Amino acid sequence: MPLASTRRTGLVEQVITQIRTQIDSGEWRVGDRIPTETELSDQLEVGRNTVREAVRALAHTGLLEIRQGAGTFVRASSELAGALRRRVERGKLRETLEVRRALEVEAARLAATRRTDTDLEELNTQLRRRKAAHDVGDPAAFVDSDVALHRAVVRASHSPLLIELYSNLTPGITEGIASMVLEDGTETVPIDHTPLVAAIRDRDPDAAAQETTRFIDELLEENQD
């Protein structure tokens, strides 16, 4: 999606809007390095000071992150996601787990009722990836597949608002999961998600909710501080 040149009024606001549009459209994803001030200035036909002010405003909201000497990166998919991420970072792991419990138990219940064959295929794919990462002792791959599995459960709920809320919390949830995975790819509290996927496969909402409650309660018990 090409950037359009701006009009000569409200320049900072226009630049902010265009940057948001690039992120909302998926053109710039979380973790991506955005163009430099000079590049943005040329594309938008505004001064570098205008670009700098817009970038700083979006960094303040948590949407962007300015890394000295490295550039500016997309930190969150929305201002809400940025604000939630900052809040999660200030909180304790236990708080994150409590929020996960509230969202994921209901997501699992709904997924067992509403899942499609495509949803089930994705769940099984992420379950296999998770096991493979565990077996070879790859912590980064394990965290990635574990997060992907939980997100797949939430998406299988087919509840748009629940999916959006969870998506906005995902960066913080990812950091929480990573803190519970050791360097050899094993978990501080070993969790088997096979029963959860089986409950969703069998369209058993009570079993899916109970299984989600069980493993999160185990994590909560381990992280009581």
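The structure under discussion appears in the preceding block.
The following refers to the structure shown.

Examining the layout of surface pockets
Roughly 480 Å³ of volume is contained in the largest pocket. Residue lining of the largest pocket: 19 residues in total, with Val30, Arg151, Ser167, Thr170 and Pro171 positioned closest to the centre. Looking at the lining of the largest pocket, the element that brings in the most residues is helix H8 (residues 160-178), giving five residues. Of the residues contributing to the lining of the largest pocket, the split by class is seven nonpolar, five polar and seven charged. In this structure, the second largest pocket occupies an estimated 290 Å³ of space. Glu37, Val55, Ile66, Gly71 and Thr72 are the residues nearest the centre of the second largest pocket, which is lined by 18 residues in total. Among the secondary structure elements, those contributing two or more residues to the lining of the second largest pocket are helix H2 (37-44), helix H3 (48-61), strand S1 (64-67) and strand S2 (71-74). For the lining of the second largest pocket, the element with the most residues is H3, which contributes four residues.

Section: the pattern of salt bridges
Pairing is possible between side chains that carry opposite charge, provided their charged atoms lie close to one another. The full count for this structure, using the stated rule, is 18 salt bridges. For the salt bridge of Glu37 with Arg48, the shortest nitrogen-to-oxygen distance reads 3.5 Å. You can see Glu37 sitting in helix H2 and its partner Arg48 sitting in helix H3, a full 11 residues away along the chain. Take Glu37: its relative accessible area is 24%, and that puts it in the partly exposed class. Since its relative accessible area comes to 43%, Arg48 is described here as partly exposed. Residue Glu218 is joined to Arg214 by a salt bridge in which the shortest nitrogen-to-oxygen separation is 2.5 Å. Of this pair, Glu218 and Arg214 both sit in helix H10 (residues 205-222), four residues apart, which is roughly one turn of the helix. Accessibility expressed as a relative area gives 33% for Arg214, which makes it partly exposed.

About the thresholds
Residue numbering note: each chain is counted from 1, following its sequence as written. Local features in this predicted model are restricted to residues of pLDDT 70 or higher, and side-chain atom pairs are both shown and tallied only at a pLDDT of 80 or more, whereas totals for entire chains, interfaces and linings draw on every residue. Note: side-chain values were computed over all heavy atoms of the structure, leaving out hydrogens and water. The distinction between a cavity and a pocket rests on a 1 Å grid over the protein atoms alone: a 1.4 Å probe fits inside a cavity but cannot get out, while a pocket stays open yet meets protein on both sides within 12 Å along at least five of seven lines, and a residue with an atom within 4 Å of a point counts as lining. Grid points are joined across faces, edges and corners, and a volume is the space filled by probe spheres set on the points. Numbering of helices and strands runs from the N terminus; a helix is a DSSP stretch of H or I covering at least four residues, while a strand is a stretch of E covering at least two. As a working rule, the residues Ala, Val, Leu, Ile, Met, Phe, Trp, Tyr, Cys and Pro are called nonpolar, Asp, Glu, Lys and Arg charged, and the rest polar, with Gly in that last group. Any carboxyl oxygen of Asp or Glu that lies within 4 Å of a side-chain nitrogen of Lys or Arg is treated as forming a salt bridge with it. Burial status follows relative accessibility: with a 1.4 Å probe on protein chains alone, a residue under 20% of its type maximum counts as buried, one over 50% as exposed, and anything between as partly exposed.

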